[in-house]
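Structural overview
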Amino acid sequence: MSVQHAHTPLALALALTAAGPIPALAQEVTSLTPITVSGDAQATPLNPGVQAERARLDGVAGGTNLIEPQKETRLVTLKDALDYQPGLVVQEFFGGLDQPRLNIRGSGIQSNPVNRGVLLMQDGLPLNEADGSFVIGFLEPRNARLVSVRRGANALSPSATTLGGELDFQSLTGTDGDVLRVEGGSFGRLGAQAAKGFRRGSLDGRLSVTHDKYDGYRHHSGSDRTSVHGNFGVQGDGFENRTYLSYVDLDVDIPFVVTRAQMEDDPTDVIGDGNTANHPLNVYKRNPHRTSRQFRAANRTYWGTEDLNNTFGVYAQSIDDTFQDPLVATVTDGMTYGAQWQFAGKYRAIDYRVALDWSRSDMNRDLYAVNPQNGSKLRRFGAYDLQAENRNALLGFAWHVAQQWTVVGDAKFTQAIRDARERGSGKSLEQDWSYVSPKLGLIWQPAEDQRFFVNVSRSNEAPTYWEIITNNAAANNAPTMTSDLSTLKLQRADTVEIGGAGLLGSGRYAPHWALTLYHSDVKDELMSVSTANGTAAGTYNYRGGTRHQGIELGLNGSLPAPGTGAAFDYRVAYTFSDFRFKGGEYAGNRIAGVPRHLVSAEILYRIGGLRFGPNVRWMPSSTETNHTNTPNTRQDSYALLGFKVDYQIGKHWQAYVQGDNLTNEAYASAFVIRNTGTTAMPTFLPGNGRSVTAGVSYRF
């Protein structure tokens, strides 16, 4: 299946319209577990709950996902929460508490470490630094009541203007998620969570503490994470105020990339094992790792009615981050501040909203050469004072022109500032971009459970400091290492999108399904590539133009099964990504980094509180690792088979056992991206081998 021409989505939109009221498509693909964690009876304006959030997403003329993480059997990593979701591509680096690649429509997939392209939000406020970068390990899915994803230009926040859109993690509040949880498994995996809340009239609060430890499947791949999340809220008549506090401490050893031959010989090995013991990038000596800490405080206030209301939020967060590859240690510390205000109301057949958003980060970033003998920091060759600031305004509307038809649109006005100064030399680079990100869409809802849409939009993305600051590093020559500042252009994309959501048929076993097709023409795409040894080589704007287009398809439901009250619960997600260079040096080639086809599926037999069944994560075709598309350098296709069993014991206890990669397939879970490559270069990050995880939880 492929999308070859720009006019294909528009032709399909006309075909869908001409077909009349055909079966609808689902808004999201969710787990069908019988566990009930929270209900909309406790929903509030700042924590709207599943039904209210689903209704809000129904008003989006584009692809969305609504995810309920608490319904997942295992919930340790981001992949556990976001699996089986169309349009969301999560590529684990090495299977632990690491930094996975999160890709939506090719967003930021070129960055290394992956840290841009989407806006991550916690309870409606940005989690990113003001330059657009983020540490994805700061997210804690076990504390999330739901995750609302608005893909691409369907993002609702005034600060979300990138190709990938936004993910909003909504926290559990009050007594929604009182739990004690313990789990463990292969490769030294241990995890625990304790969470307790209270609700007294108009007051509520909740505190959650989690800790995870993982020795790792590969050598030098251990990780630890501790997170503390709390919130406190007060409600009144047409009023709600909520304060959020969080602390995350993440420590990850990085096994780094290896050659294909080394991966096939022993996927647990790193450079430094066997005949690579004397390699200049010996991982044991260089000690690549990432240590990150964040403290965050936020407050949001809502006042008004459904017909006329205001929402105001402020946040502040500190970051202390060391990212060390085998050659360079990048040390960042800083503070980010932000504020956001939205005014929304109704006038006759028009819903409208006006929003303002401001954020600023003040950061210090130092670059050190890594000691090849013990991994310590040698000479500092870069010392930067960084200031990023964003000023955003949004005007949006939904015009209900008829009972079944709604026209929606918005325009986001942004000024993005990225100033950098080198403290030693005084060299500086001041960059700013002013741009508009408009969107216009049409929603047709012929029935309550049928919905179709089409939209056109423009997205914009300014570079982060990971792209602006570059280095020239040599494996055995620390005194020659230098750093510099790069002048980069804004990445822009014009997108056409069609699709729909709802039910297919009627009755108890009618499946939910979701389908979105999109085509994006990208100008000046930000390309971050690696050197021959796998370390960062820098970022540039590709001048020849690129094309991102794809299909995002989801299906879930139940089928009758033998046994009283039994059923087969199933869910399938398929994401097709056709990304190519339109012109320039690599004209006609595939853009490296994103699987062309990705399928994740599971089917579970459910009877009473027992569920069990197989699952698969299948990448049926190989993936390019370099933009030249050099033969024999691709990431090979793979299929990972799993099986899980979970059992709900009464109202309080739940236990599970889950097996992954049961065939013990050796495969590359991720890789570094280059302009060109050879088979001799270290490129691949091997994924986990066969593993088993088990856990038990008590909800009270």
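Preceding block: the structure.
So, here is what we can say about the structure in this document. (Residues numbered from 1 in each chain as written. Predicted model: local features only at pLDDT ≥ 70, side-chain atom pairs only at ≥ 80, totals over all residues. Heavy atoms only, no water.)

1. As for the pairing of strand β17 (residues 377-399)
For strand β16 (residues 350-370) and β17, the ladder comprises 20 bridges, and the chain directions are antiparallel. The residue bridging S361 from the neighbouring strand is A388, located in β17. Taking the residues that link successive antiparallel strands as the turn, the β16-β17 hairpin has 6 residues, and the phi of G375 there is positive, at about 80°. Examined bridge by bridge, β17 and strand β18 (residues 405-422) share 16 bridges and lie antiparallel to one another. Of the residues in β18, the one forming a bridge with A393 is F413. Between β17 and β18, which pair antiparallel and follow one another directly, the connecting turn spans 5 residues. (Pairing = 2+ DSSP bridges. Helix = DSSP H or I, 4+ residues; strand = E, 2+ residues; numbered from the N terminus.)

2. Observations regarding the sheet that holds strand β1 (residues 64-67)
Ordered in space as β1-β6-β7-β4-β5, the 5 strands form an open sheet in which the pairing is mixed. Where the open sheet ends on each side, the last strands, each with one partner, are β1 and β5 (125-126). With 4 bridges connecting them, β1 and strand β6 (residues 144-151) associate as antiparallel partners. When the sheet's bridge partners are listed, T64 is paired in β6 with R150. Packing against the sheet, helix α2 (residues 49-58) makes contact with β1, β6 and β7 (165-171), and its axis sits at approximately 5° to β6. (Contact = heavy atoms within 4.5 Å. Axes fitted to C-alpha atoms, helices over the stretch in contact; angles between N-to-C directions.)

3. Structural notes on the side chain of Q70
With respect to the element layout, Q70 can be found in the loop between β1 and α3 (78-82). Taking the relative accessible area as the measure of exposure, Q70 reaches 5% and is therefore buried. Engagement of the side chain of Q70 in a polar contact is seen with the backbone oxygen of A144, the distance being 3.0 Å. (Buried < 20%, exposed > 50% of the residue type's maximum accessible area, 1.4 Å probe, protein only. Polar contact = N/O pair within 3.5 Å; in protein donor to acceptor, adjacent residues only side chain to side chain.)

4. What about the environment of K79?
Turning to its location among the elements, K79 is positioned in helix α3. For the pair formed by K79 and V89, sequence separation is 10 residues and the distance between their alpha carbons is 9.2 Å. Excluding anything up to four places from it in sequence, K79 contacts V90, E92 and R617.

5. Overview of unusual backbone geometry
Excluding glycine, residues mostly have negative phi values, and the peptide bonds linking residues are mostly trans. For D123, which is not a glycine, the phi torsion comes out positive at approximately 55°. The topology assignment puts D123 in the loop between β4 (119-122) and β5. Note on D123: relative accessible area 4%, which makes it buried. Despite not being glycine, F187 shows a phi value in the positive range, around 60°. Topologically, F187 is positioned in the loop between β8 (179-185) and β9 (189-200).

6. Thoughts on the pairing of strand β11 (residues 223-236)
Residues in a regular strand point their side chains to alternate faces of the sheet. Summarising the sheet, strand β10 (residues 203-214) and β11 pair through 12 bridges and their orientation is antiparallel. When the bridges of β11 are listed, L207 appears paired with G230. Note that β11 and strand β12 (residues 239-253) share 14 bridges and pair antiparallel. Of the residues in β12, the one forming a bridge with D224 is D251.

7. As for a nonpolar patch on the surface
Taken together, F612, L641, F643, V645, V657, L662 and V692 make up a surface patch of nonpolar side chains, about 510 Å² in accessible area. Relative to the helices and strands, L641 is located in strand β31 (residues 638-649). Classification of L641 by relative accessible area gives partly exposed; the value is 40%. (Patch = residues over 30% accessible without salt bridge, like charges linked within 9 Å, V, L, I, M, F, W, Y side chains within 5 Å. Areas by Shrake-Rupley, 256 points an atom, 1.4 Å probe, with all protein chains shown as cover. Salt bridge = Lys/Arg side-chain N within 4 Å of Asp/Glu carboxyl O.)

8. Regarding α2
Looking only at α2, the buried set comprises G49, V50, E53 and L57. Down the axis, α2 shows its buried residues gathered within 120° of arc, on one side only. Contact partners of the buried residues in α2: β1, β6, β7 and β20 (450-461). (Arc of directions from axis to C-beta.)

9. Focus on the pattern of salt bridges
Scanning the entire structure with this criterion turns up 47 salt bridges. Note that E552 is salt-bridged to R105, the shortest N-O span being 3.0 Å. With a gap of 447 residues between them, E552 in strand β27 (residues 546-560) and R105 in the loop between β3 (101-103) and β4 connect regions that are remote in the sequence. The exposure class assigned to R105 is buried, which follows from its relative accessible area of 4%. Linking R458 and D494 is a salt bridge whose minimum nitrogen-to-oxygen distance equals 2.8 Å. Highlighted residues: R458 in strand β20 and D494 in strand β23 (residues 491-503), separated in sequence by 36 residues. Salt bridges sharing common partners tie together E140, R142, E183, D212 and R225.

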